Structure formats: structure tokens, C-alpha cells
Amino acid sequence: TQCVSGCVCPAGLVLDGNGGCIAEEDCPCIHNEAMYQPGEKISVDCNTCVCKNRKWECTENQCLGTCAVYGDGHYNTFDDKRFSFNGNCEYTLVQDHCGKSGTANGTFRVITENIPCGNTGTTCSKSIKVFLEVWSYELILGEEHVSVVKRGQNDEVPYTVRYMGMYLVIETTSGLILMWDKKTSIFIKLSPNFKGQICGLCGNYDGNGINDFTTRSQSVVENVLEFGNSWKVSSTCPDASSIKDPCSTNPYRKSWSEKQCSIINSDVFAACHSQVEPAKYYQACVTDACACDTGGDCDCFCTAVAAYAQACSEVGVCIAWRTPSICPLFCDYYN
């Protein structure tokens with residue numbers, strides 16, 4: 001129905017923004033600047049939302065929290081605080097014994113070992129250790145296999161190990177899921193039961209990103225180096241210090257890095273741009289591609305793009321971005 005005299009709609013109808021009139025229940029809904037028609041569905045975390053009468057009606061499931069660590073020390077905490085931290089040491093990513101009453105013994109602890117992956121002072125996560133059930137089990141994740149050290153008498157194994165495409169997945173009975181690409185990307189998912197009960201580089205999972213920089217001594221700081229260094233496993237490790245911009249140190253790699261990483265801003269990921277802001281992922285990609293100057297440059301680039309693809313997948317947007325010439329996977333091997 002077209003509007004009349006000065007774009008006024010007949011009774012019971014509203015303007016549709018294009019010079020026409022529609023029934024109120026036929027109005028679209030907006031999500032991340034994208035428009036959805038009545039009846040259309042979107043996924044938000046683990047919930048499904050349906051557009052109805054201009055509003056979203058969503059299920060109210062309790063979703064798993066996710067902490068992501070990828071590439072050259074890029075972190076996205078459970079409460080969605082993003083930061084970069086480089087240190088050549090072992091660091092506690094997450095644990096549930098934080099000096100509070102009732103959690104002194106703890107049920108899990110995840111440690112990552114960072115090693116240099118370039119000449120500019122950059123580091124990458126190369127090894128992971130998972131301690132379970134008051135440290136009765138120690139899982140050491142290497143590139144080819146999982147080693148298990150058992151220290152207790154408990155015969156009931158509190159975890160499962162499986163492979164999902166390129167990821168090695170550890171799932172524990174306590175509500176911890178760890179996904180590792182066997183290179184430099186780690187995704188840790190936690191049950192909502194652990195909200196406010198954990199600590200480490202992945203933050204405290206209390207729904208508030210402002211206080212995520214909580215040190216081992218339970219003080220909230222603003223400096224990322226002070227926060228990161230507090231979570232060293234060994235006090236004999238040197239403290240991490242700020243490093244120079246890798247693209248300034250390696251200017252000859254900058255144009256190559258920007259060209260390669262432009263795939264994140266391209267039409268390939270267009271369906272995801274309104275769901276997950278690409279700017280920070282693009283910048284992280286350029287930095288990492290500049291930094292990896294001692295071989296493995298494609299690994300650094302591919303890891304950074306894969307991190308954005310994973311973030312898209314988390315919100316229900318699956319992007320087929322790999323090609324035979326861009327970060328190919330050998331399907332026969334992974335299947």
C-alpha cells in the first residue's frame with residue numbers, strides 16, 4: 001500500500017521506509033545493522049531468535065563461555081575483553097582455584113607454553129598442559145598426540161579426547177571443553193556454572209570485562225604487562241616487556257601482509273561483517289603476518305584468518321574461505 005498526502009499511512013498501517021505502508025506486524029527486525037523479515041531466525045550464542053512484531057523473541061538457554069587465544073599472543077576473554085600479550089614462558093590460561101573459599105583444591109587448570117615465532121620478540125602458543133581432578137591427571141598436548149600422566153588412584157577417567165576436523169578436542173566431565181588446532185589457536189569453553197569462579201589470562205568470567213585484568217594476587221590492574229606477567233607459572237621466567245610493531249621492524253613484509261589479510265575485509269566474509277566486527281581481526285592478522293619472519297609465515301596468516309572464521313561460526317555464519325591456494329586443508333587426511 002502506498003502512503004498518501006505527505007506520506008501518511010491509513011489507519012492500522014505504518015511507513016516501511018520506502019514510501020509504502022505495511023501492517024505493523026510485517027515490520028522487519030534489526031540485528032547488527034542487518035534487516036530481517038518477520039519469521040526469520042538468527043543464532044545468538046546458543047540461542048535462537050525469531051523476528052516477530054518488530055522484536056526478537058529468543059530462547060533463554062544458558063550458553064557456554066568462550067575464551068580464545070590465537071597467533072601472536074591475541075586473547076579474547078570469556079567476558080569478551082580483547083588484548084595482546086607476549087611472553088616467552090608458561091602461563092596459566094584458566095583455573096578454578098583462585099584463593100576463594102571452596103575452590104582451594106580446584107578441578108582444572110590449563111597452562112600454555114609460549115615460544116618465539118619470529119625475530120621481533122613475538123611469541124606463539126605451541127604446547128598445552130591440562131591438569132584435572134586436583135591434579136590427578138595431567139594431559140600434555142603435543143602436535144602429534146596427547147600424553148597422559150596419572151598420579152591418583154581414581155579409575156574413572158574424567159575426560160574424553162577426540163578429533164574434530166583440524167581440531168583436537170578435550171572434553172571434561174566438570175564442564176571444560178578445549179579445542180586446539182595443534183598450532184597456535186586455542187578455544188576454551190566453560191559451563192556457566194563456573195561464572196565468577198575462575199581466574200587466569202582468560203579473565204574471571206563474571207559477565208564484566210572491565211575487571212578481567214585480575215592478577216594472581218586477586219588485584220585488578222590496568223596494565224596488560226603487569227596482568228600477564230602475574231600469571232607466569234615459574235617465577236624464574238623473565239617478565240615480558242612491550243615489543244616494537246613487527247610491521248615497523250619488518251617494513252618489507254607490510255604490503256604483503258596487508259594484501260594477504262585483506263580477505264577478512266573482502267566479500268568472502270561479507271555475510272559475517274555485520275555479525276562480528278572484522279577490524280581488530282584484520283589488524284591482528286597484519287601484525288602476525290609481519291611478525292613471523294623465520295618461516296611459518298603462512299601458518300601465522302592462516303591462523304589469524306581462521307580465528308575470524310571461528311568467531312563467525314560461533315554466531316552461526318559459516319564461511320568457506322579456504323581454497324587450494326589459500327590455507328588449504330588436506331581433506332582425505334583430516335577425514
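Remember, predicted model here, so these are calculated numbers, not experimental data.

Asks: For this particular structure, what's the right way to read the sheet that holds strand β5 (residues 41-44)?
Replies: In sheet architecture, strand pairing relies on hydrogen bonds along the backbone and comes in two forms, parallel and antiparallel. Pairing is antiparallel across the open sheet formed by three strands, whose spatial order is β5-β6-β7. Every other strand in the sheet has two partners, leaving β5 and β7 (55-58) as the edge strands with one partner each. Recorded for the sheet is a direction-independent mean angle of 35° between the axes of neighbouring strands. Both strand β6 (residues 47-52) and β7 contribute to a ladder of four bridges, which runs antiparallel. Across the sheet, residue Cys49 finds its bridge partner in β7, namely Cys58.

Asks: Got a minute to help me understand the side chain of Asp96 in this structure?
Replies: With respect to the secondary-structure elements, Asp96 resides in the loop between β11 (90-95) and β12 (108-116). Put simply, Asp96 is tucked away with no salt bridge, and the nearest opposite charge, on Arg109, sits 9.1 Å away. For Asp96, the side chain forms a polar contact with the side chain of Thr107, separated by 2.5 Å. Within the structure, the side chain of Asp96 is placed 3.2 Å from the backbone nitrogen of Phe108, a separation counted as a polar contact.

Asks: What is the right way to read the state of the cysteines from this model?
Replies: Disulfide: a covalent bond connecting the sulfur atoms of a pair of cysteines. Tallied over the entire structure, the rule returns ten disulfides. The disulfide partner of Cys46 is Cys63, and the S-S distance across this bridge is 2.1 Å. Sign of the S-S torsion, about -90° for the bond between Cys46 and Cys63, identifies this disulfide as left-handed. Linking Cys46 in the loop between β5 and β6 with Cys63 in the loop between β7 and β8 (65-70), this pair joins segments that are 17 residues apart in sequence. Covalent S-S linkage joins Cys49 and Cys58, the inter-sulfur distance amounting to 2.0 Å. Judged by the sign of its S-S torsion, about 110°, the cystine formed by Cys49 and Cys58 is right-handed. Unpaired in this structure, Cys27 has its nearest cysteine sulfur neighbour in Cys29, at a distance of 8.9 Å.

Asks: Can you walk me through the nonpolar core in this structure?
Replies: In a soluble, globular protein the nonpolar side chains are often hidden away together inside. Counting residues in each nonpolar core, the largest one holds 40 residues, and the members touching the most others are Leu178 and Ile188. Elements represented by at least two residues in this core include exactly β8, β11, β12, β13 (123-132), β14 (137-141), β17 (167-172), β18 (176-180) and β19 (185-190). Not counting the four nearest positions on each side in its chain, Leu178 is found in contact with Val110, Ile128, Val130, Leu141, Leu168, Val169, Ile170, Ile186, Phe187 and Ile188. Counting residues in each nonpolar core, the second largest holds 29 residues, with Cys247, Cys261, Tyr308 and Ala311 among its members.

Asks: When you look at the sheet that holds strand β10 (residues 82-84) in this model, what are you seeing that I'm missing?
Replies: Strand order in this open sheet of seven strands is β10-β9-β8-β19-β18-β17-β16, and the pairing throughout is antiparallel. Of all strands in the sheet, those bounded by a partner on one side alone are β10 and β16 (159-164). When the angles between neighbouring strand axes are averaged without regard to direction, this sheet yields 15°. Sitting on the sheet, helix α5 (residues 279-291) touches β8, β9 (74-76) and β10, and the angle it makes with β9 is about 155°.

Asks: What exactly am I supposed to notice about the packing of aromatic side chains here?
Replies: Each aromatic ring pair is described using two quantities: the centre-to-centre distance and the angle formed by the ring planes. Using the criterion set out here, one finds 13 aromatic pairs in the structure. With centroids separated by 5.5 Å and ring planes inclined at 70°, the aromatic side chains of Tyr36 and Trp56 adopt a geometry described as edge-to-face. Of this pair, Tyr36 sits in strand β4 (residues 34-36) while Trp56 sits in strand β7, and the two are 20 residues apart along the sequence. Relative to Phe194, the ring of Phe108 lies with its centre 5.1 Å away and its plane at 85°, an arrangement referred to as edge-to-face.

Asks: Help me understand the environment of Ser262, please; the structure alone is not making it clear to me.
Replies: One can find Ser262 in the loop between α3 (251-261) and α4 (270-273). Taking C-alpha positions, Ser262 is 9.1 Å from Cys285, a pair spaced 23 residues apart along the chain.

Asks: Explain the environment of Cys285 to me, please; I cannot follow it from the model alone.
Replies: With respect to the secondary-structure elements, Cys285 resides in helix α5. Each C-alpha atom of the pair Cys285 and Cys300 lies 7.7 Å from the other, and the pair is 15 residues apart in sequence. Among residues more than four places away in sequence, those in contact with Cys285 are Cys261, Ile264, Phe301, Ala304 and Val305.

Each value, and the rule that gives it
- Residues numbered from 1 in each chain as written.
- Predicted model: local features only at pLDDT ≥ 70, side-chain atom pairs only at ≥ 80, totals over all residues.
- Heavy atoms only, no water.
- Pairing = 2+ DSSP bridges.
- Helix = DSSP H or I, 4+ residues; strand = E, 2+ residues; numbered from the N terminus.
- Axes fitted to C-alpha atoms, helices over the stretch in contact; angles between N-to-C directions.
- Buried < 20%, exposed > 50% of the residue type's maximum accessible area, 1.4 Å probe, protein only.
- Lys, Arg positive; Asp, Glu negative; His and termini not counted.
- Salt bridge = Lys/Arg side-chain N within 4 Å of Asp/Glu carboxyl O.
- Polar contact = N/O pair within 3.5 Å; in protein donor to acceptor, adjacent residues only side chain to side chain.
- Disulfide = S-S within 2.5 Å.
- Core = buried A, V, L, I, M, F, W, Y, C linked by side-chain atoms within 4.5 Å.
- Contact = heavy atoms within 4.5 Å.
- Phe/Tyr/Trp six-rings, centres within 6.5 Å; stacked < 30°, edge-to-face > 60°.

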